[in-house]
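One-letter residues, chain by chain:
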Amino acid sequence: MPATINVRPDGVGVLTMDSPPVNSLGTELVTSMKQEFPKLVQDPKVKAIVITGKGPMFCGGAEITEFAIMVAIGPEKMKENNPVAALSEMMDMIDASPKTTVAAINGPALGGGCEVSLACHYRVADGKASVGFPEVNLGLLPGAQGTQRLPRVAPLPTAMQMILQGKPLKADAARKNGIIDAVAKKDVIEEAAEWALSHPPAPISKREVHKTNRFMVAAGGLEQGLNTAVNAAPLMIAPRAIIKCFEAACSNKSFREGLQVEMEQFTNLVFSVESAALRHLFLSERLAQKVPGIDEKPAPLKKIGILGAGLMGGGIAMCFIQKGVPVVLKDAKQEWLDAGVKKIESMWAGQAKKGRLSKEKFKEYMGLLKPSLDYADFKDVDMVIEAVPEIMDLKKEVFLDIEKNTKPDCLICTNTSGLNIDDIAAVLKDPSRVMGTHFFSPANVMQLLENVRTAKSSVKTLATGMAMGKLINKKCVMVGNCDGFVGNRMIAPYAGEAKMLWEEGGTVEQIDKAATAFGMAMGPMALGDLVGQELFWKQRKAAGDMNKQTKTYFGPYELTDWLCELGRFGMKTPDPSIKANGRGIFIHRGRDKTVDPEVVAKLDEVRKAKGVTPRPVSDEEIVERLFYPLINEGFKILEEGFVARSSDIDLAYIYGYGFPPSKGGPMFFAENYVGFQKILERLKVYDAQAKERYTKNSAYLPIDYFVPSKLLEACAAKQGTKVFPGQTLIDVVLKDFRKSHDGAGPFSKL
C-alpha cells in the first residue's frame, strides 16, 4: 500500500507514506492518502495524527513522469481532471483536520513533500532532515499550495531563496526560520507524537502573512529577488511566475484567492516548452544510466590509480578522494609529481580557509593520496585512469607499463579526448579491460563524463565505468569510439562556422553576443581563447599537414595559425609587454577582455589575400550557422550508432559545453523549438553556399557538415507525428531507422 496507517497505544494515529524509492506523490500515493487519512480523523480512539515517510526520505515530491501525461491531455482536459488539483485537495484535507496533525520529517522533504509538511499543523524534523522546493529547476513552481503556505511561516528572504533559487534548508536552519517547529533529539516519530498530543490544531491556512513580509513586498523586495534569480538564469520563466504567487500571498487576497493565482501560474508553466526542456533533462539523467546491453554487475572500486599529475590527472584524483576512495597518483618526474600534489593541496587548503572544508576532512583527504614515481604502486588498484599528453605512441607505451604492474582484472582507462582508443588498447594482451573515460577540465568541477565503449570492451568493464561515474557524482553518458566522441565532434562545425562568419563580415563581439544571447555560457571566440588556440594547430603540425581537417576540427585556419606562430594561445599565454595576463583573439586583463586590434588588422589582411569583401551578417544567420550544423552532426552520430539515444547528447551538451538548460539540449531544441523541417531547409541553403565558396575560391577548404543527416531527413518527414508522453520523435524514428540502416557504432543494432 502506498499509504499505511496504524494507531499507537497513546492514541496517536500514524500515516506512513510508502512509495519507494523516494515516496513520490504519484496518483496512487495521493489517492491512498485521501482514503486513509479520513479513517484516522474519524476513529474515536485517535487523539492526534502524525504523518511520516518510510525509509530515508520523508517525501521527494511529485512524480515527474506524470507531468508529461498532463501535457499530453492538454490544458482544456486538465481543467476537468487536474492531478495537481487532487494533490491540493489532499493538502486541504490535512489542513482542515480537527485533530492536531504533525509532520514527522524523517528525511528530505522536497517539493510536494515539503508542501505535505506545511499542510500539517506542526513540523518536527530529524536532525539530519532537510526541506526544500527544487521545482524552479524543472521550470515549475510549488503547485500544491507551497507558494501560499511558506510566506505564512518563513521570512520572505528565506521563502524567496527556497522557491526562487531552489536552495534547501537543513533542519536547524529551517527551525530558526519558522518552517520547522522542533528538531528531534531522539526518535522523530516519538517526539512528533508528543508534540501532537500537547498542542492544539493550528492550520497554516488560517494564519496571516507577517507584517514584515508585507512591508518587504511593498518596499520592492520581490523585484530584488527576481533580479537575482534572472541574473543567475536569464532564460528561465518560472521566477516571474513565482513572484506573482508571492505577491498574491503578501497582498490583501485571501488564502483561497492566492491558491487560484498559484494554480493559474503553475498551469502556464507546466505547458511551457522551457519546463518541458528541464523535465526532459531530469528524466534523461535517469535514462542515461540504463545503457543498452549493459546488464552485468559492476566490479568494486576500492582503490584507484591515476597516471599523470597535471591539471586533469589531479582533478580526477580529487573526485575519488572526496568520495573516500584511496588514490595512487603517479607521474614520470619528481618535479611534475610535486607540482601536481601541491596544486591539489592548495585547492583543498583554499576550501578550508573559506570554511568549506574542515581541517579534519582536509587531513583525511591528503591521507588518501599516495604520490608515486613507481608503476609497482599500481599493484592492488582496481582501475587505472591515464591522463598523459595526447600522443599515440606515449599512450601505447604507458598502457604496456600499466599492464605489467596491475592485477589481471584491473580496468585500464584512457582520458583521451580524441585518439582512437581501439588502437591504444590493441597493444594489450586483454583489450576487454579497456574503455575511455573522457573527463572535462577541470575534472573536479566539470560535471560531464563521456564513457567510451570500444570494440572489445567487456560488459563488466563498461558496467564498472558507469558505476564509477555515479560514484563520483558525474553526469555520465556512454558513447561509441568515434572521432571526437559526441561532444567534441559536434562542437567542431560550431567552431569552424564561427571563424567563417568572422571572415565573412561578422565581428568577434557580435558572434559571441549572439551565442550568449541564445543562452550559451560563453561565445565561441571566448571559448577558443579559454581552451587554447594551439590545440589543433599542434595536431596539424604533428601530422605534417596544416590543411588537415577531421571530424574534430575545421578551417579556416589562417588567422588562428598566425596567432599560434606568435605564441598567442589565449588565456594561458600572458604578454607582459602590454600588461596582459592572456593574449589570443582577445587581450585579457584580469576579468576584462577586449578584441586585440592586431587581430582585427590581421583579419583584414586575410580577407584581402582570399579576395573576400566583408558583408553585414545578421544575428539570426549567426545562430543558424553555429547551431544547425552542430545539431546535424548530432543526428549523424545517432544514425551511425555512436550514442544510444538523443537525450544522451542533450546531457553531454548541457553539462559539458554550456548549452542552456531551458532549451533542453541540442536535440530537444531541434524537435521542440525549431522543428526538423526548418533545420533541414536552412542546412540545404548553407550547404549550397559553402559548396559555391570552396569550389570557386581555392583558398577555402571543403566542408561537409551542412550536408543533411539521413536521420534528420527521416525526422523531418515525420514532423507533427504524435508520440507517447515521455518519448521523443527523434528516438521513435531512430528505432525504425536502425532496423534498415547499418551503422559503424556499437549502438546501431542494440
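Placed above this text is the structure.
So, a few notes on the structure that sits alongside this text. Please read these numbers as outputs of a predicted model, since none were measured by experiment.

Below, the discussion takes up the overall build of the chain. When its secondary structure is counted, the chain shows 31 helices and 20 strands. Over its C-alpha atoms the chain spans a radius of gyration of 29 Å, differing by no more than 12% from the 27 Å that the globule rule assigns to 750 residues. For the C-alpha atoms alone, the extent of the chain along its principal axes is close to 90 × 60 × 60 Å. Sorting the 750 residues of the chain into buried and exposed places 55% on the buried side.

Next up on the list: a nonpolar patch on the surface. Taken together, M522, L530, V531, L535 and M571 make up a surface patch of nonpolar side chains, about 400 Å² in accessible area. Position of L535 relative to the elements: it lies in helix α23 (residues 534-543). Overall, the relative accessible area of 38% leaves L535 in the partly exposed class.

So, on to the sheet that holds strand β19 (residues 586-589). Strand pairing in a sheet relies on backbone hydrogen bonds. The paired strands run either parallel or antiparallel. Spatially, three strands are ordered β18-β19-β20 in an open sheet, and the strand pairing comes out antiparallel. Bordering the open sheet on either side are β18 (582-583) and β20 (592-595), each of which pairs with just one other strand. In the sheet, β19 pairs with β20 via four bridges, with the strands oriented antiparallel. Paired with R589 across the bridge in β20 is D592.

Attention shifts here to the pairing of strand β13 (residues 383-386). Going residue by residue along β13, you find M383 and I385 tucked away on one face and V384 and E386 tucked away on the opposite face as well. In this structure, strand β10 (residues 304-307) lies alongside β13, joined through four bridges in parallel fashion. Residue pairing in the sheet places I304 in a bridge with M383 of β13. The pairing of β13 with strand β14 (residues 411-414) spans four bridges and is classified as parallel. For M383, the partnering residue across the bridge sits in β14 and is L411.

So, on to the packing of aromatic side chains. Both the distance between ring centres and the angle between the ring planes are used here to describe each pair of aromatic rings. The full count for this structure, using the stated rule, is 19 aromatic pairs. When the centroid spacing of 4.9 Å and the interplanar angle of 45° are considered together, the rings of W348 and Y365 count as tilted. Of this pair, W348 sits in helix α15 (residues 334-353) while Y365 sits in helix α16 (residues 359-367), and the two are 17 residues apart along the sequence. Residue W348 is classed as buried on the basis of its relative accessible area of 0%. Consider the rings of Y686 and F706, whose centres lie 5.8 Å apart with planes at 40°: the pair is tilted. In this pair, Y686 sits in helix α29 (residues 676-696) while F706 sits in the loop between α29 and α30 (710-717), placing the two residues 20 residues apart along the sequence. Just as Y686 is buried, F706 falls in that class too.

Here the amide bond leading from S441 into P442 is cis, since omega sits at -5°, within 30 degrees of zero. With respect to the helices and strands, the residue P442 is situated in the loop between β15 (434-439) and β16 (448-453). For the bond running from G555 to P556, omega is 5°, close enough to zero to count as cis. Of note, P556 is situated in the loop between α23 and α24 (558-565). Even without being a glycine, F485 presents a positive backbone phi close to 55°. With respect to the helices and strands, the residue F485 is situated in the loop between β17 (475-480) and α20 (487-504). Positioned with a positive phi, K579 is a non-glycine residue whose angle comes to about 55°. Residue placement: K579 occurs in the loop between α24 and β18.

Once that is clear, we can look at the pattern of salt bridges. Once the charged atoms of two side chains with opposite charge are near each other, the side chains can pair. Evaluation of the coordinates by the stated rule reveals 44 salt bridges. Between D95 and R149 there is a salt bridge, and its shortest N-O distance comes to 2.9 Å. Of this pair, D95 sits in helix α3 (residues 83-95) while R149 sits in helix α5 (residues 146-149), and the two are 54 residues apart along the sequence. Exposure class is identical for D95 and R149. Each is buried.

The rules we used
Residues numbered from 1 in each chain as written. Predicted model: local features only at pLDDT ≥ 70, side-chain atom pairs only at ≥ 80, totals over all residues. Heavy atoms only, no water. Helix = DSSP H or I, 4+ residues; strand = E, 2+ residues; numbered from the N terminus. Rg over C-alpha atoms; globule rule 2.2 N^0.38 Å. Buried < 20%, exposed > 50% of the residue type's maximum accessible area, 1.4 Å probe, protein only. Patch = residues over 30% accessible without salt bridge, like charges linked within 9 Å, V, L, I, M, F, W, Y side chains within 5 Å. Areas by Shrake-Rupley, 256 points an atom, 1.4 Å probe, with all protein chains shown as cover. Salt bridge = Lys/Arg side-chain N within 4 Å of Asp/Glu carboxyl O. Pairing = 2+ DSSP bridges. Phe/Tyr/Trp six-rings, centres within 6.5 Å; stacked < 30°, edge-to-face > 60°.

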